[in-house]
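# Chains, contacts and geometry: an overview
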Amino acid sequence: MIDRAVRSLEHLRGSASTARVLNLLGVWEEHGDSGPDGAVRTPEWATYPIFRTRALNRALIIKHRLRRNETDLFTGRRQVATKVVVPIDDRELKTGGRYVFVNQIGFERVLLAAFGVAANHPDVETLRLIDKLPSLDPFLLREQLRRGGLDPAACYFSISESDLQRMQAFVRNEIEPLVTLSLGEDTIAVASDSASRMAAKILSNTPGDQLDALRLTLRLQPEQYQEGVFCWKGFLYYKWTLAALMGDVAKVGEAVRTIQPVGKADRAAKEYLARSRDVLRGRIIKTCDEVSRTLRVYDDAYAKLTQEGQPTAFRDFLLDAPSMFAKLGDQLGAVQHIVSYWRFRFGPGASPVNVEELMDIFMDFETGLLGRDEATESIPRPVTA
């Protein structure tokens, strides 16, 4: 299939990866062999790629909310799919791109016909691993690929070493009450050091006695525990992310209210932008509130375990976490995408936005924030002169 959403592809090409978009084309241009001499800028890009297929390793991977005419491409009911777009011409995106949805009907056949990737190729399993994630957040993407036995180079993930260190410190502080509970109140210094080691193990998927002891205490099967801990890690990361995002969310909400496009806008465009400003700001606030409520489910279960000595509540949380994780990632990923894209498009030195582009941006943001029960509703687009 051919995707000729030229304006969208051109915008995505210049932007960094976000929770909704994995811009491997941009990674290739910055780190790969995209220069005139064909030399690889970052050797690790070629040595430890995400995909072995050259075309896929320069693709745009998008968490795409399905439109009504796209839901029939799947046998089951779903609202968000993983869209793989490979530009026809890396240098000239006006020619459009070939695309496929991961696990659509006839996925393996389309993948072979469009990209020459056979059903038994390792890249197919990598695409399916990515499809299982609710968002393309770099931290969780890296962890998911590691779970699948892949460890791509750091250049593929837009997460800094300082962010990783801050995340580990956050997890250590979260874990400390659990370690203190197991060691006793009289060993605070030991508990702090033990919490650091346990946090490192949780973040690196490294097995250890403490983690296995927790599994036995919670009476979970290894598979249940592994999946639950991965989602627990996601909850911890999303909790840290939401706290870090709130300042930027407020700034974006205010900017949505005040930004003015250049050029003349007809009556229909003015009415659409006025409606979208209020609706978009309301959806952002509502989504953040829903994310906070979901995170409190974890906080309550963890408090019952560490403060009240009730492991059953935390066991139930780990069992329920996979189903909550998908919605949580979907919601927070949409907010992260808005903040990241707004920072890219309207940052210092950015060109002014015209009426048509601003309407496109607002529509994209609104669509991303639709709840799962609203996924098939259509957002009216004005017919402008």
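Structure first, text after, so check above.
The following refers to the structure shown. (Residues numbered from 1 in each chain as written. Predicted model: local features only at pLDDT ≥ 70, side-chain atom pairs only at ≥ 80, totals over all residues. Heavy atoms only, no water.)

Next up on the list: the overall build of the protein chain. Scanning the protein chain for helices and strands turns up 13 helices and five strands. Across the 385 residues in the protein chain, those meeting the buried criterion constitute 50%. Accessible surface, the protein chain: about 18,300 Å² in total, of which carbon and sulfur atoms supply 51%. (Helix = DSSP H or I, 4+ residues; strand = E, 2+ residues; numbered from the N terminus. Buried < 20%, exposed > 50% of the residue type's maximum accessible area, 1.4 Å probe, protein only. Areas by Shrake-Rupley, 256 points an atom, 1.4 Å probe, with all protein chains shown as cover.)

Attention now goes to the pairing of strand β3 (residues 60–65). Of all the six residues making up β3, six are buried; the element is thus mostly covered by neighbouring parts of the structure. Pairing of strand β2 (residues 21–23) with β3, which is carried by three bridges, proceeds in the antiparallel orientation. By the bridge assignment for β3, Leu22 is matched with Ile61. Strand direction decides the pairing type here: β3 and strand β4 (residues 80–87), joined by six bridges, are antiparallel. When the sheet's bridge partners are listed, Ile62 is paired in β4 with Lys83. (Pairing = 2+ DSSP bridges.)

A word on the side chain of Asp137. With respect to the element layout, Asp137 can be found in the loop between α5 (122–131) and α6 (138–147). For Asp137, which is buried and forms no salt bridge, the nearest opposite charge comes from Arg142, at a distance of 9.0 Å. A polar contact of 3.1 Å, which involves the side chain of Asp137, links it to the side chain of Tyr237. The residues contacting Asp137, other than those within four sequence positions of it, are Ala19, Tyr237 and Gln336. (Lys, Arg positive; Asp, Glu negative; His and termini not counted. Salt bridge = Lys/Arg side-chain N within 4 Å of Asp/Glu carboxyl O. Polar contact = N/O pair within 3.5 Å; in protein donor to acceptor, adjacent residues only side chain to side chain. Contact = heavy atoms within 4.5 Å.)

This part covers the pairing of β4. The buried fraction of β4 is high, at eight of eight residues. Side chains of β4 alternate between two faces, with Val80, Thr82, Val84 and Val86 and Ala81, Lys83, Val85 and Pro87 buried alike. Strand direction decides the pairing type here: β4 and strand β5 (residues 97–101), joined by five bridges, are antiparallel. From the neighbouring strand, Val84 faces β5, where its bridge partner is Val100.

Looking now at the packing of aromatic side chains. Counting across every chain of the model gives 18 aromatic pairs. Judged by centre distance (4.2 Å) and plane angle (40°), the ring pair of Trp342 and Phe346 falls under tilted. Look at Trp342 and you get buried, because its relative accessible area is 8%. One aromatic cluster is present, formed by Phe139, Phe230, Tyr237, Tyr238, Trp240 and Phe325 through successive ring pairs. Geometry around Trp28 places Arg58 over its ring, the cationic atom sitting 4.6 Å from the centre. Geometry around Phe230 places Arg147 over its ring, the cationic atom sitting 4.1 Å from the centre. (Phe/Tyr/Trp six-rings, centres within 6.5 Å; stacked < 30°, edge-to-face > 60°. Lys NZ or Arg CZ within 6 Å of the ring centre and 35° of its normal.)

Quick look at the pattern of salt bridges now. A side chain of one charge can pair with a side chain of the opposite charge when the charged atoms of the two come close. Here the structure, examined in full by the defined rule, presents 19 salt bridges. Where Arg166 meets Asp163, a salt bridge forms, and the shortest distance between an N and an O atom there is 2.4 Å. Here Arg166 pairs with Asp163, and both are found in helix α7 (residues 161–183), just three residues apart, close to one helical turn. Looking at Arg166, the relative accessible area reads 45%, which means it is partly exposed. Overall, Asp163 belongs to the partly exposed group, its relative accessible area being 24%. A salt bridge links Lys239 to Asp299, with the nearest nitrogen and oxygen atoms 2.8 Å apart. Of this pair, Lys239 sits in helix α10 (residues 222–258) while Asp299 sits in helix α11 (residues 267–306), and the two are 60 residues apart along the sequence. Since its relative accessible area comes to 21%, Lys239 is described here as partly exposed. Among the charged side chains, a network of salt bridges with common partners joins Arg142, Glu143, Arg146, Asp151 and Lys233.

The buried count for α5 comes to seven of ten residues, which makes it a mostly enclosed element. Along α5, the residues that are buried comprise Asp123, Val124, Thr126, Leu127, Leu129, Ile130 and Asp131. Where α5 is buried, its residues contact β3, β4, α4 (107–115) and α6.

Right, let's get into a positive patch on the surface. A surface patch of like charges, here positive, comprises Lys286, Arg293, Arg296 and Lys327. With three residues, α11 is the largest single contributor of residues to the positive patch. Here Lys327 is to be found in helix α12 (residues 311–345). (Patch = residues over 30% accessible without salt bridge, like charges linked within 9 Å, V, L, I, M, F, W, Y side chains within 5 Å. Charge placed at Lys NZ, Arg CZ, Asp CG, Glu CD.)

The subject of this paragraph is the packing of α11 against α12. A pair of packed helices can be characterised by two numbers: the angle between their axes and the separation between those axes. Close contact between α11 and α12 brings their axes to 9 Å; oriented N to C, the two are set at 160°. The angle between α11 and α12 falls in the class roughly antiparallel. When the axes of α11 and α12 are compared, the crossing they make is left-handed. When grouped by side-chain class, the residues that make up the contact of α11 with α12 number 18 nonpolar, three polar and two charged. (Axes fitted to C-alpha atoms, helices over the stretch in contact; angles between N-to-C directions. Parallel < 35°, antiparallel > 145°, perpendicular 65-115°, else oblique. Left-handed = near helix turned anticlockwise from the far one by under 90°. Nonpolar A, V, L, I, M, F, W, Y, C, P; charged D, E, K, R; others polar.)

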